[in-house]
Amino acid sequence: MNDQFQPLDDDEVLFVSVGRVLMTNPTFKVGEFIDALAQAISDREQDWDDANEGWFGNGLECEALRFGTKGWQRGKVRIRLEFCPDQDPTPKLLDSRRKERRPSELPDLRYEDVYRPEKTEPRYDNAYRDNSDFE
């Protein structure tokens with residue numbers, strides 16, 4: 001596994017099927033999780049104020065004693081989510097195609113290859129039909 005964690009943007013989406021905390025839905029935006037975490041902490045802390053919001057926003061002023069540095073460093077700290085991709089970042093859509101064909105033989109992806117909405121049956125027949133059939 002690749003151990004290079006990368007920060008996630010607030011609008012990126014996660015699907016977490018096992019081990020979820022704070023979120024009732026398994027699919028959620030990173031920003032929604034950060035907001036839920038901030039709300040859970042603020043509900044628990046009696047002396048929560050606007051200054052504490054820095055933990056989840058632009059950062060909270062602090063000093064850090066870090067490995068590889070000499071002494072304390074002034075700066076900011078904040079809470080973010082990070083993601084570490086698996087070593088093989090092959091999209092699931094292409095997995096079966098790559099087993100069957102060499103990469104040079106793969107066709108260019110089209111919108112239809114990625115998004116195939118299910119055909120749905122109409123719930124009602126023509127809403128504007130002649131209602132005399134029901135009399």
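Reading the values: the criteria
Every chain is numbered independently, its residues counted from 1 as its sequence is written. Owing to the predicted nature of the model, reporting of local features is limited to residues with pLDDT of at least 70; listing and counting of side-chain atom pairs is limited to 80 or more, with chain, interface and lining totals taken over all residues. For the side-chain quantities, the full set of heavy atoms in the structure was used; hydrogens and water were omitted. Nonpolar cores are built from buried Ala, Val, Leu, Ile, Met, Phe, Trp, Tyr and Cys residues. Side-chain atoms within 4.5 Å join them into one set. Exposure is judged per residue with a 1.4 Å probe applied to protein chains only, and the accessible area is read against the type maximum: over 50% gives exposed, under 20% gives buried, and values in between give partly exposed. Secondary structure elements follow DSSP: runs of H or I of four or more residues count as helices, runs of E of two or more count as strands, with numbering from the N terminus. Whether two residues are in contact is decided by their heavy atoms: any pair within 4.5 Å suffices. Stacked, tilted and edge-to-face pairs are distinguished by plane angle, under 30 degrees for stacked and over 60 for edge-to-face with tilted covering the rest, among Phe, Tyr and Trp rings (Trp via its six-membered ring) whose centres lie within 6.5 Å. As a per-residue quantity, pLDDT reports the predictor's confidence and falls between 0 and 100. Whenever a carboxyl oxygen of Asp or Glu lies within 4 Å of a side-chain nitrogen of Lys or Arg, that contact is scored as a salt bridge.

## Notes on the nonpolar core
(1) Moving on: Judged by nonpolar contacts, L8, L14, M23, F28, V30, F33, I34, A38, W48 and F56 together constitute the single largest core of 10 residues.
(2) Moving on: Of the residues forming this core, the biggest block, 4 residues, is contributed by helix α1 (residues 30-44).
(3) Moving on: Among all residues touching W48, those that are not within four sequence positions of it are I41, S42, E53 and F56.

## Let's talk about unusual backbone geometry
Generally, phi is negative for residues other than glycine and the peptide bonds are trans, each holding for most cases.
(1) Moving on: In the Ramachandran plot, L22 falls in the positive-phi region, its phi being about 70° despite a non-glycine side chain.
(2) Moving on: By secondary structure assignment, the location of L22 is in the loop between β2 (13-15) and β3 (27-29).

## Points about the packing of aromatic side chains
(1) Moving on: A full pass over the atoms with the stated rule returns 2 aromatic pairs.
(2) Moving on: Judged by centre distance (6.0 Å) and plane angle (25°), the rings of F28 and F33 are stacked. Across the pair, F33 and F28 agree in class, each one buried.
(3) Moving on: Taking the centre distance of 6.4 Å and the plane angle of 40° together, the rings of W48 and F56 count as tilted. Of the two residues, W48 and F56, both sit in the buried class.

## Focus: the confidence of the model for the chain
(1) Moving on: Residue-level pLDDT values for the chain average 76, and 63% of them are 70 or greater.
(2) Moving on: Within the chain, the lowest mean pLDDT, 50, falls on helix α3 (residues 111-114), and the highest, 96, falls on β2.
(3) Moving on: Ignoring residues within four places in sequence, the model shows residues 119-127, a span with pLDDT below 50, making 0 contacts including any to other chains.

## Overview of the pattern of salt bridges
Here the idea is simple: oppositely charged side chains can pair when their charged atoms come close.
(1) Moving on: For the structure shown, the criterion picks out 3 salt bridges.
(2) Moving on: Between D11 and K29 there is a salt bridge; the shortest N-O distance is 3.8 Å. In this pair, D11 is assigned in the loop between β1 (6-7) and β2 and K29 in strand β3, connecting sequence segments 18 residues apart.

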